[in-house]
Amino acid sequence: MIETPLFHISLLSEEEADHTTLNPKVAEEVLRRHNNEPSSAPSLSGEWRSQKDFFQSQTPACMLLRDKIVETSTAAIRELAPPGETRGQRVNFEGWINVNPPGSFNAPHNHYSDSISKLSGIYYVAAPENCGALELLAPQSYWPRNPGGRYTLEPKAGKYIIFPSYIYHWVQPNASAEMRISVAWNMRF
Ligand SMILES: [Fe+2]
């Protein structure tokens, strides 16, 4: 057997400096949509998901967050993607909002098949304590002779996480008494 320690995955984790001002305004706009629009992906666990239209938002706080996501993600592409990966092409963003009431969760999935997305991201708008950790599965876990493993990240309001879209991940049940709100997106380039 050949050991391959070079197969190592980097994630980007950053905190939005302005989140204490920005997040309550985003949450207000998001909850207005949540109360007026059906979920685009009905879920047995109670998760509500918007259409994939976050980057076309027309409300001020969501537009500001959209600009910040683009800025943070562009920096992440420079850091995470192989040199020359974008080949000068425009980055295509596709994003949506998740509202997770107490008890809801998100089953294992990846975002690679979403039109061959390269990198995906999450921003936490509201993340009360015990609202459901994000678990990322090591890609080699699907290869039977490897033990694999998982990396757990506790959500935190104002945190951006960016990871390769092919990584399988899921969200543990929201064990708090409040809603978790996050924005998720895919990047193609
Ligand atoms: Fe996901």
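Residues numbered from 1 in each chain as written. Predicted model: local features only at pLDDT ≥ 70, side-chain atom pairs only at ≥ 80, totals over all residues.

J.: I keep staring at the pairing of strand S10 (residues 180-188) and nothing clicks. Help me out?
T.: Taken residue by residue, a regular strand's side chains alternate between the two faces of the sheet. Among the 9 residues that make up S10, 8 are buried, leaving the element largely enclosed by the rest of the structure. Taken together, the 9 bridges between strand S3 (residues 92-100) and S10 define a ladder with antiparallel strand orientation. Bridge assignment links Phe-93 to a residue of S10, and that residue is Met-187. Where strand S5 (residues 119-126) lies against S10, 7 bridges are found, and the strand directions are antiparallel. Residue pairing in the sheet places Tyr-123 in a bridge with Val-183 of S10. (Buried ≥ 20, exposed ≤ 12 C-beta atoms within 10 Å, placed from the backbone. Helix = DSSP H or I, 4+ residues; strand = E, 2+ residues; numbered from the N terminus. Pairing = 2+ DSSP bridges.)

J.: Before we go on, may I ask you to explain the sheet that holds strand S7 (residues 150-153) in this structure?
T.: Strands belonging to one sheet form pairs held by backbone hydrogen bonds; the direction of such a pair is parallel or antiparallel. If you trace the 4 strands from one edge of the open sheet to the other, you get S4-S9-S6-S7, paired in antiparallel fashion. In this open sheet, the two strands that pair with only one neighbour each are strand S4 (106-109) and S7. Within the sheet, the average angular offset between the axes of one strand and its neighbour, ignoring direction, is 15°. In this structure, S4 lies alongside strand S9 (residues 169-171), joined through 2 bridges in antiparallel fashion. Within S9, the position partnered with Asn-106 by the bridge is Val-171. (Axes fitted to C-alpha atoms, helices over the stretch in contact; angles between N-to-C directions.)

J.: Please explain the environment of Arg-188 as it appears in this structure.
T.: Along the chain, the position of Arg-188 falls in strand S10. Along the sequence, Arg-188 and Lys-118 sit 70 residues apart, while their C-alpha atoms lie 5.6 Å from each other. For Arg-188, the residues in contact, after removing those within four places along its chain, are Asn-92, Ser-115, Ile-116, Ser-117 and Lys-118. (Contact = placed C-beta atoms within 7 Å.)

J.: Is there a simple way to think about the pairing of strand S6 (residues 134-137) in this case?
T.: Burial along S6 is one-sided: the face carrying Leu-134 and Leu-136 is buried and the face carrying Glu-135 and Leu-137 is not. By the bridge criterion, 4 bridges tie S6 to S7 in an arrangement that is antiparallel. For Leu-137, the partnering residue across the bridge sits in S7 and is Arg-150. Bridge count for S6 against S9 is 3 bridges, and the pairing is antiparallel. Looking at the pairing, Leu-136 lines up with His-169 of S9.

J.: Explanation requested: the nonpolar core in the structure shown.
T.: The nonpolar side chains of a soluble globular protein tend to be buried, and buried together. Within the largest apolar cluster, 33 residues are counted, with the highest numbers of intra-cluster contacts made by Tyr-123, Val-125, Val-183 and Trp-185. Elements with a contribution of two residues or more to this core: helix H1 (19-36), helix H2 (60-80), S3, S5, S6, strand S8 (159-164) and S10. The greatest single-element share of this core, amounting to 6 residues, is contributed by S5. Other than its neighbours up to four places away in sequence, Val-183 contacts Phe-54, Leu-65, Gly-95, Ile-97, Tyr-123 and Val-125. (Core = buried A, V, L, I, M, F, W, Y, C linked by C-beta atoms within 7 Å.)

J.: What's the story with unusual backbone geometry in this structure? I'm lost.
T.: The general pattern is negative phi for most residues beyond glycine and trans for most peptide bonds. Of note in this structure, Asn-130 is not a glycine but carries a positive phi near 65°. With respect to the helices, strands and loops of the structure, Asn-130 is situated in the loop between S5 and S6.

J.: What is the right way to look at the sheet that holds strand S2 (residues 48-49) in this model?
T.: The 6 strands lie next to each other as S1-S8-S5-S10-S3-S2, forming an open sheet whose pairing is antiparallel. With partners counted over all chains shown, the strands left at the sheet margins are strand S1 (12-15) and S2, one partner each. On the sheet, H1 packs against S2, S3, S5 and S10 and is oriented at approximately 100° with respect to S5. Helix-sheet contacts for H2 involve S1, S3, S5, S8 and S10, and the interaxial angle to S5 is about 140°.

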